[in-house]
Amino acid sequence: MVNDDKARRRFLEIQEVTKTFQIGADQVQALRAVNLNIDKGEFVCLIGASGCGKSTLLRIIAGFEKPSSGRISLYENAITGPGSDRGMVFQDYALFPWMTVRENISFGPRQKGLARKYIDEITAEYLNMVGLEKFADRYPLQLSGGMKQRVAIARVLANECELLLMDEPFGALDALTRESLQQELLEIWARTRVTVIFVTHSVEEAVLLSDRVVVMTAGPGRIEADVPIALARPREVSAIDFNQVRRDITQRLTSHVRHGSVRDLKAVA
């Protein structure tokens, strides 16, 4: 009955969200009147230049920041703080260095006080999903960057979140590791159907991964375009249709620079 009730309600709704920061004597508006709806199971990328408010919006959805005005709701319930229904993956991994891979992944279930047998089962499931069974007893210091990010993703999923928030998670990785993790993330998403909001600077990455690309512009941050990606999966970055979509989004991303004010130009510099 609960699941049927959830199915009738909108998954994630962002309504007129504005965020202003006080920096010394100045007020800086990071976001202005952002509106966005995301359905359960979607993979949505947020893209834009530095300073456009992508990460700020992600942190508000996570509950780490509060909007200055407006409302964000999950299943029509207002988000007022962090919750286990949302999980965040950062570029710098944010793993507990004193815990093993197994302990990091099982942290959320252990905090919930779940049965030991269930904790072991779900930890083993996600260790297997990210291919780290042989490294279960290693510490983060003993892992490569790509392996650390796999642990971070598994830790969030093991907490049974419904919304996976990813803030440029592959930005610090080398090109080969990044490509590998992109494919692994798509495989995990296909298996779990967790809803993903993924922040990136890369147009290619956004087109490769997502169902929709939300283009944001700065000064203050707002949504410039919401572009559905109709390309079949798996996608090939060298394909003609892929590059047509990539060019379209790049044009949308840069159009405000060509036609905007001097202030806009400074904001994306």
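All residue numbers refer to positions counted from 1 along the written sequence of the respective chain. Given that this is a predicted model, residues contribute local features only at a pLDDT of at least 70 and side-chain atom pairs are listed and counted only at 80 or more, while totals for whole chains, interfaces and linings are drawn from all residues. Note that the side-chain values use all heavy atoms of the structure and ignore hydrogens as well as water.

A.B. asks: How should I be thinking about the pattern of salt bridges in this particular structure?
C.D. replies: A pair can form between side chains of opposite charge whenever their charged atoms are brought close. Any carboxyl oxygen of Asp or Glu within 4 Å of a side-chain nitrogen of Lys or Arg constitutes a salt bridge here. Under the defined criterion, the tally for this structure stands at 14 salt bridges. For the salt bridge of Arg-86 with Asp-85, the shortest nitrogen-to-oxygen distance reads 2.9 Å. One salt-bridge network, in which partners are shared between bridges, spans Lys-19, Arg-59 and Glu-65.

A.B. asks: Teacher, can you tell me more about the packing of helix α6 (residues 145–158) against helix α7 (residues 175–192) here?
C.D. replies: Two measures define how a pair of helices packs: the angle their axes make with one another and the distance between the axes. A fitted line through C-alpha atoms represents every axis, and for helices the fit uses only the stretch in contact; the resulting angles, taken between N-to-C directions, go from 0 to 180 degrees. A run of DSSP states H or I qualifies as a helix once it reaches four residues; a run of E qualifies as a strand once it reaches two. Both are numbered from the N-terminal end. The geometry of α6 relative to α7 is characterised by a closest axis approach of 10 Å and an angle of 20° between their N-to-C directions. In this view, α6 runs roughly parallel relative to α7, as classed from their interaxial angle. Handedness of the crossing formed by α6 with α7: right-handed. Side by side, α6 and α7 meet where Gly-146, Gln-149, Arg-150, Ile-153 and Leu-157 of the first sit next to Thr-177, Ser-180, Leu-181, Glu-184 and Ile-188 of the second. Tallied by class, the residues present in the contact of α6 with α7 amount to four nonpolar, four polar and two charged. Angles are sorted into four bins: roughly parallel if under 35 degrees, roughly antiparallel if over 145, roughly perpendicular if 65 to 115, and oblique for all others. The hand of a helix crossing depends on one turn: near helix anticlockwise from the far one by less than a right angle means left-handed, and clockwise means right-handed. Contacts between residues were defined by any pair of non-hydrogen atoms, one from each residue, lying within 4.5 Å. Gly counts as polar in this scheme, as do all residues outside two lists: the nonpolar Ala, Val, Leu, Ile, Met, Phe, Trp, Tyr, Cys and Pro, and the charged Asp, Glu, Lys and Arg.

A.B. asks: Sorry, what's going on with helix α5 (residues 116–129) here?
C.D. replies: Residues separated by three or four positions in an α-helix point in the same direction, a consequence of the helix having 3.6 residues per turn. Compared with the 20 Å implied by 1.5 Å per residue over 14 residues, the 20 Å span of α5 between its first and last C-alpha is a close match. Throughout this description, buried means an accessible area under 20% of the type-specific maximum (1.4 Å probe, protein chains only), exposed means over 50%, and partly exposed covers the range between. When α5 is considered as a whole, its buried residues turn out to be Ile-119, Ile-122, Thr-123, Tyr-126, Leu-127 and Met-129. Looking down the long axis of α5, one finds its buried residues gathered within 160° of arc, a one-sided arrangement. Packed against the buried residues of α5 are α3 (101–105), α4 (107–111), α6 and α7. Expected helix span is given by 1.5 Å per residue-to-residue step, counting one fewer step than there are residues. Summarising the geometry, the arc corresponds to the directions from the helix axis toward the C-beta atoms.

A.B. asks: Got a minute to help me understand α7 in this structure?
C.D. replies: Spanning 18 residues, α7 covers 26 Å between terminal C-alpha atoms, matching the ideal 26 Å at 1.5 Å per step. For α7, the full list of buried residues reads Leu-181, Gln-182, Leu-185, Leu-186, Ile-188 and Trp-189. Down the axis of α7, the sector holding all buried residues measures 165°, keeping them to one side. For α7, the exposed residues set more than 90 degrees away from the buried face come down to Leu-176, Glu-187 and Arg-191. Of the surrounding secondary structure, the elements contacted by the buried residues of α7 are β3 (43–47), α5, α6, β7 (163–167), β8 (195–200) and α8 (203–209). The N-cap of α7, judged by a side-chain oxygen 3.2 Å from the amide nitrogen of Leu-176 a few residues on, is Asp-174. Just beyond α7, the residue with positive phi is Arg-193, at close to 55°. The term polar contact refers here to a pair of N or O atoms within 3.5 Å; inside protein, the definition further demands a hydrogen-donor-capable atom paired with an acceptor-capable atom, and it admits residues adjacent in sequence only when both atoms are side-chain atoms.

A.B. asks: Before we go on, may I ask you to explain the side chain of Thr-56 in this structure?
C.D. replies: You can see Thr-56 is positioned in helix α2 (residues 54–62). By relative accessible area, Thr-56 is classed as buried at 15%. Ignoring sequence-local partners within four residues, the contact set of Thr-56 consists of Lys-19, Phe-21, Ala-30 and Leu-31.

A.B. asks: In this structure, what is going on with the nonpolar core? I would like to understand it.
C.D. replies: Buried together is how nonpolar side chains tend to be arranged in soluble globular proteins. Among buried residues, the Ala, Val, Leu, Ile, Met, Phe, Trp, Tyr and Cys ones that are joined through side-chain atoms within 4.5 Å form a nonpolar core. With 52 residues, the main nonpolar core has Phe-43, Leu-164, Phe-198 and Ile-249 as its most contacted residues. With eight residues, α6 is the largest single contributor of residues to this core. If you look at the next biggest cluster of nonpolar residues, it comprises 28 residues, including Leu-12, Leu-163, Val-199 and Met-216.

A.B. asks: Looking at this structure, how should I read the packing of aromatic side chains?
C.D. replies: Pairs of aromatic rings are described using the distance from one ring centre to the other and the angle between the two planes. Each Phe, Tyr or Trp ring (for Trp, its six-membered ring) is paired with any other whose centre lies within 6.5 Å, and the angle between the two planes then decides the class: stacked below 30 degrees, edge-to-face above 60, tilted in between. Taken as a whole and judged by the stated rule, the model has six aromatic pairs. On the basis of an interplanar angle of 80° and a centroid distance of 5.7 Å, the ring pair of Phe-43 and Trp-189 is categorised as edge-to-face. Residue Phe-43 is found in strand β3, and its partner Trp-189 is found in helix α7; the two are separated by 146 residues along the sequence. For the pair formed by Phe-43 and Trp-189, the shared burial category is buried. Measuring from ring centre to ring centre gives 4.8 Å for Phe-96 and Phe-107, while their planes differ by 55°; the resulting arrangement is tilted.

A.B. asks: Teacher, can you tell me more about the environment of Thr-123 here?
C.D. replies: Mapped onto the secondary structure, Thr-123 falls in helix α5. Taking the relative accessible area as the measure of exposure, Thr-123 reaches 3% and is therefore buried. With near-sequence residues (within four places) excluded, Thr-123 lies in contact with Arg-102, Ile-105 and Ser-106.

A.B. asks: Got a minute to help me understand the sheet that holds strand β5 (residues 77–78) in this structure?
C.D. replies: The pairing of strands in a sheet happens through backbone hydrogen bonds and is either parallel or antiparallel. The pairing criterion for strands is at least two bridges between them, as found by DSSP. Pairing in this open sheet of four strands is antiparallel, and the strands run β2-β1-β4-β5 from one edge to the other. Unpaired on one side and paired on the other, β2 (26–38) and β5 mark the two borders of the sheet. Both strand β1 (residues 12–23) and β2 contribute to a ladder of nine bridges, which runs antiparallel. Its bridge partner being in β2, Glu-13 is matched across the sheet by Asn-37. Lying over the sheet, α2 contacts β1, β2 and β4 (69–74), oriented at roughly 115° with respect to β1.

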